[in-house]
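# Structural overview
Spelled out from the first residue to the last, the chains are:
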2 protein chains.
Amino acid sequence: MDAAQSWSKLPLRKQRRVERMAAFADGRVLRPDRIVAALEALIEPGDRVALEGDNQKQADFLSRSLAEVDPGKVHDLHLLISTLGRREHLDLFERGIARKVDFSFAGPQSLRVAQLLEDGKLEIGAIYTYIELYARMFVDLTPQVALVCAEQADRHGNLYTGANTEDTPTIVEATAFRHGVVVAQVDRIVDELPRVDIPASWVDFVVEADRPFAVEPLFTRDPRHINELQILMGMMIIRGIYERHGVTALNHGIGFDTAAVELLLPTYGESLGLKGKICRNWALNPHPTLIPAIESGWVESIHCFGSEVGMGEYIRARPDIFFVGSDGSLRSNRVFCQLAGQYGVDLFIGSTLQMDADGNSSTVTLGRLAGFGGAPNMGHDPRGRRHASEAWLSLMTSKEPVARGRKLVVQTVETFKAGGVPAFVDTLDAVEVGRKNGMPIAPVMIYGDDVSHVVTEEGIAYLYKAEGGEERRAAIAAVAGATEIGRRAEAKRTADLRARGIVAFPEDIGVSRLQANRSLLAARSIDDLVTWSGGLYDPPARFRGW
Amino acid sequence: MDAAQSWSKLPLRKQRRVERMAAFADGRVLRPDRIVAALEALIEPGDRVALEGDNQKQADFLSRSLAEVDPGKVHDLHLLISTLGRREHLDLFERGIARKVDFSFAGPQSLRVAQLLEDGKLEIGAIYTYIELYARMFVDLTPQVALVCAEQADRHGNLYTGANTEDTPTIVEATAFRHGVVVAQVDRIVDELPRVDIPASWVDFVVEADRPFAVEPLFTRDPRHINELQILMGMMIIRGIYERHGVTALNHGIGFDTAAVELLLPTYGESLGLKGKICRNWALNPHPTLIPAIESGWVESIHCFGSEVGMGEYIRARPDIFFVGSDGSLRSNRVFCQLAGQYGVDLFIGSTLQMDADGNSSTVTLGRLAGFGGAPNMGHDPRGRRHASEAWLSLMTSKEPVARGRKLVVQTVETFKAGGVPAFVDTLDAVEVGRKNGMPIAPVMIYGDDVSHVVTEEGIAYLYKAEGGEERRAAIAAVAGATEIGRRAEAKRTADLRARGIVAFPEDIGVSRLQANRSLLAARSIDDLVTWSGGLYDPPARFRGW
């Protein structure tokens, strides 16, 4: 008995937790009005708590409730969270409920993270790319408690996530199968679910939230804000990268540069005869700016990390394009889409705010500990890849018998940010931020040696062709415009790089600067997108101009 | 109506398939005696069919049935399969039922794959590492049909995979949410499942197989076959790598070298005072040779790709160690364990059969198209990683402000294979195999520039410390023994490399060759492992020596 028990400490600990919760539950259904007391009964000091919160959906009923527990009872928690996105996430540290955090992204709260760190109220385990944080949940950061969210549950505990499946199955699996306790907030408890996204076998308790879970329309870009520099860059990307390398499977990040590309496909792309030849299979969220390309027949498939507010009915009406369940609504999955974005597509493209002379870049700037999100996982050459494609092979420069291709990792950057601040710098702010915060390495988002192409409004640097670090730096300088880095470019050297195809200016790839204006965009407003969608796209109120 | 239909071709196609199956089904339950006719009704010529078969479990009732369909009705299929492991997989090509295949591993059938390729009866899309093949199932290789297996189903279609969850949820998700049809063979249909691993919402049909699904005890290594060279290498690995770099989270592949390490932890490792300091969190299958280390208190957690035959009761009795469900049996998951092995652990170690002078290696040899399995995904430096650990940082050699750490990728190789064939060669057989079969790149398993350490019976080459390709080659030559590559090592150069810590011989790291004998192993037979397990480990008959 003793011997057996010594191998069952974790299941016994779980059993005691579940028993303590019984006072607040009817079967698996928790009483919403007793949620704070229930969390106090459930969570023990020092627990590793996985709190669902990514850059889109948030288990906000549970996070708000957690922030109300008595720090005398629940304290020093170790929080595992994709995105420190809400005020109360930081209140947890302010109040001493949590002490340590492992996370991926802290966009809206990054200033406060830096402040709490300085005040000694918050300790960072590490900052990750999403998929890497989940990986550790199966190794040494297994959660004792998971607080997740879904749209609906039945009374047995089966969950329907609806379109925002996102991280939920991963967090639940890491917790449920390691004797952790899984609590799911749901918008409502129903008798029959439209489909089951997570089986009741993996869920301990469900609770009806006070209001629908919070979700950000993060991937909505209003075409009105796309400027002519972005259109020029978009044209260069289509001609100088997608067409040249035959890119059929790709990921697009958030940003007006890539929104411009999406809106140029049915116009500029069509005029080049590229439909069906590029941009067929996508790993990305249901960007509203992709609607015109979908409607014009460019897109074969889209697999999504998460959903996007207002895209539900459109997705339901386009089942040939999206991954959907038998109920007709989207099935997203962040881990599988990250895998697709890492190993299954040929191109990652993302915008950056700051790049050094070697092509390293980061969104971490002084005083801001923003983190990484999904970019590092997709923005590197996955060296475990073994399958070839036309695009991947086109980056092979070596003649060695064991040579291999390479992923296209494209960084776009306008040479100057708002206010005339140069985007190209000698040393990334991230280096200073890392040093100041005692981080073991500088928080670089994308490393220069992983970048294959840099695109600015000046031109494209085909870095994968550069021989050695010195030539890479010359190629970056050649497209860095009037920044100090750019002014180091020598005209003769740049001419040589252009002649050798390592640098291209718009005219070198047949892109006319004069053509780069907003009339080229397939949609110039949110209203245009709604029209393209046949009225199916239902933009959030803040994006409505009418 | 027309317009709506044009966006619903895939769901309509699925609906027609499901309707055709009705004749052979009672609800979701297919008649086993009509399975061949049912598959003929379901599958259309040219379909992409994901057939579950990895290096462990196999949907063999379905694969045997598929091999019996009329090639006049079902032909030119595009097979997506992890492991071409069974005779009937190749019969599909012989009979013209299938034409093209994307796969990861073909160990037992690799000779026949090469032959069918030469005969023009089989066409290879590409050869992948597991996780990369799944990634493409969410991009451009979405399956129209998935044929998978589980232990039990209920009549609604909920599945219980038991300990061998493995690839099933991934294949099913890629198919079910893209209007593919999912058919699961199960050992039996029951009223109530011990737990639900895959919800019925994702499954179209279940069928009771004629016998329990096939599963290979692939990860069982009989300690009787561990020789003294492997013990010597194991001692070097523990002292020269695990202790030196403080490796706490790791993966072990299949092999007698790593089995030796596992069996040396409770003896040699204990004598060095390393318990609790190294080898705590594992991403690997439930290797029987890990039982003594578990029983001795070395192991905190093990997350598994799949299960292992005979380990069920032992796992059930050790819930603190393994990931298990509420029913007490293992929950494995190949994708999550590959993620853990890629991003969540600090070390991958694997044996190889052939290595070139630059450290490139492959198990593809002349006439054998074995493929890759999971090794490339874990056996590379994951450049998307952003979190630091002691072990990872210990490989940082640069002082640059944006320097980062590195994963330990260890390759073990005895300098000569059976029959006196040198393992070190000037050119990998894979180069010739690739050329002969018209492959776009040579099928290299692990690339030399990803390898941080090479271990032979001669010593360890710390390749991550070598400056430049020439020094790497010298370090490899220094441990390549009496092979031709090894004879190129110059004594003076080797002395310099040893002085600089780039090469270590056993005596340099305090490992005594004399001590390297079988008495050091914590278990010297399968019987010893059973004893260690308190009789809970139940080895397959073929491993029983008594």
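Notes on the structure follow. A quick note: this is a predicted structure, and the numbers were derived from the prediction, not measured.

Counting from both sides, the interface comprises 88 residues of chain A and, opposite them, 88 residues of chain B. Our enumeration of links across chain A and chain B arrives at 10 salt bridges. Residues Asp450(B) and Arg383(A) are paired through a salt bridge, measuring 2.9 Å at the closest nitrogen-oxygen approach. Joining chain A to chain B, the criterion identifies 48 residue pairs in polar contact (both at pLDDT 80 or more). Examining the composition of the side of chain A that touches chain B, we find that seven residues originate from one element, helix α13 (residues 334-344) of chain A, more than from any other. Among the residues forming the side of chain A that touches chain B, the class breakdown is 48 nonpolar, 20 polar and 20 charged.

This part covers the packing of aromatic side chains. Two aromatic rings, taken as a pair, are described by how far apart their centres are and by the angle between their planes. Applying the stated criterion across every chain yields a total of 10 aromatic pairs over all chains. Relative to Phe336(B), the ring of Phe138(A) has its centre 4.6 Å away and its plane inclined at 15°; by these criteria the two rings are stacked. Remark: Phe336(B) occurs in helix α13 (residues 334-344) and Phe138(A) occurs in the loop between α7 (130-137) and β8 (145-153); the pair is interchain, linking two chains. This pair shows no difference in class: Phe138(A) is buried, exactly as Phe336(B) is. In this structure, Lys57(A) is placed above the aromatic ring of Phe213(A), and the distance from its NZ or CZ to the ring centre is 5.7 Å. Across from the ring centre of Phe323(B), 5.4 Å away, lies the NZ or CZ of Arg178(A), which sits over that ring.

Before going further, it helps to examine the nonpolar core. With 259 residues, the main nonpolar core has Leu30(A), Leu84(A), Phe93(A), Val183(A), Leu84(B), Phe93(B) and Val183(B) as its most contacted residues. For Leu84(B), the contacting residues outside a window of four places in its chain are Leu79(B), His89(B), Leu90(B), Phe93(B), Val101(B), Phe103(B), Phe105(B), Ala106(B), Gln109(B) and Val113(B).

Residues and elements named next belong to chain B. Running from N to C, helix α5 (residues 87-94) and helix α6 (residues 110-118) cross one another at 5°; their axes reach a closest spacing of 10 Å. Relative to α6, α5 is oriented roughly parallel. Along the contact surface, α5 presents Arg87, Leu90, Asp91, Phe93 and Glu94, while α6 presents Arg112, Val113 and Leu116. Looking at the contact of α5 with α6 residue by residue, the class counts come to four nonpolar, no polar and four charged.

Residues and elements named next belong to chain B. Residue position: glutamate 123 is located in strand β7 (residues 123-127). Sequence separation between glutamate 123 and aspartate 102 is 21 residues; the distance between their C-alpha atoms is 8.8 Å. Ignoring any residue separated from it by four or fewer positions in sequence, one finds glutamate 123 in contact with Arg99, Lys100, Val101 and Leu117.

Conventions used here
- Residues numbered from 1 in each chain as written.
- Chains lettered and ligands numbered in written order.
- Predicted model: local features only at pLDDT ≥ 70, side-chain atom pairs only at ≥ 80, totals over all residues.
- Heavy atoms only, no water.
- Contact = heavy atoms within 4.5 Å.
- Salt bridge = Lys/Arg side-chain N within 4 Å of Asp/Glu carboxyl O.
- Polar contact = N/O pair within 3.5 Å; in protein donor to acceptor, adjacent residues only side chain to side chain.
- Helix = DSSP H or I, 4+ residues; strand = E, 2+ residues; numbered from the N terminus.
- Nonpolar A, V, L, I, M, F, W, Y, C, P; charged D, E, K, R; others polar.
- Phe/Tyr/Trp six-rings, centres within 6.5 Å; stacked < 30°, edge-to-face > 60°.
- Buried < 20%, exposed > 50% of the residue type's maximum accessible area, 1.4 Å probe, protein only.
- Lys NZ or Arg CZ within 6 Å of the ring centre and 35° of its normal.
- Core = buried A, V, L, I, M, F, W, Y, C linked by side-chain atoms within 4.5 Å.
- Axes fitted to C-alpha atoms, helices over the stretch in contact; angles between N-to-C directions.
- Parallel < 35°, antiparallel > 145°, perpendicular 65-115°, else oblique.

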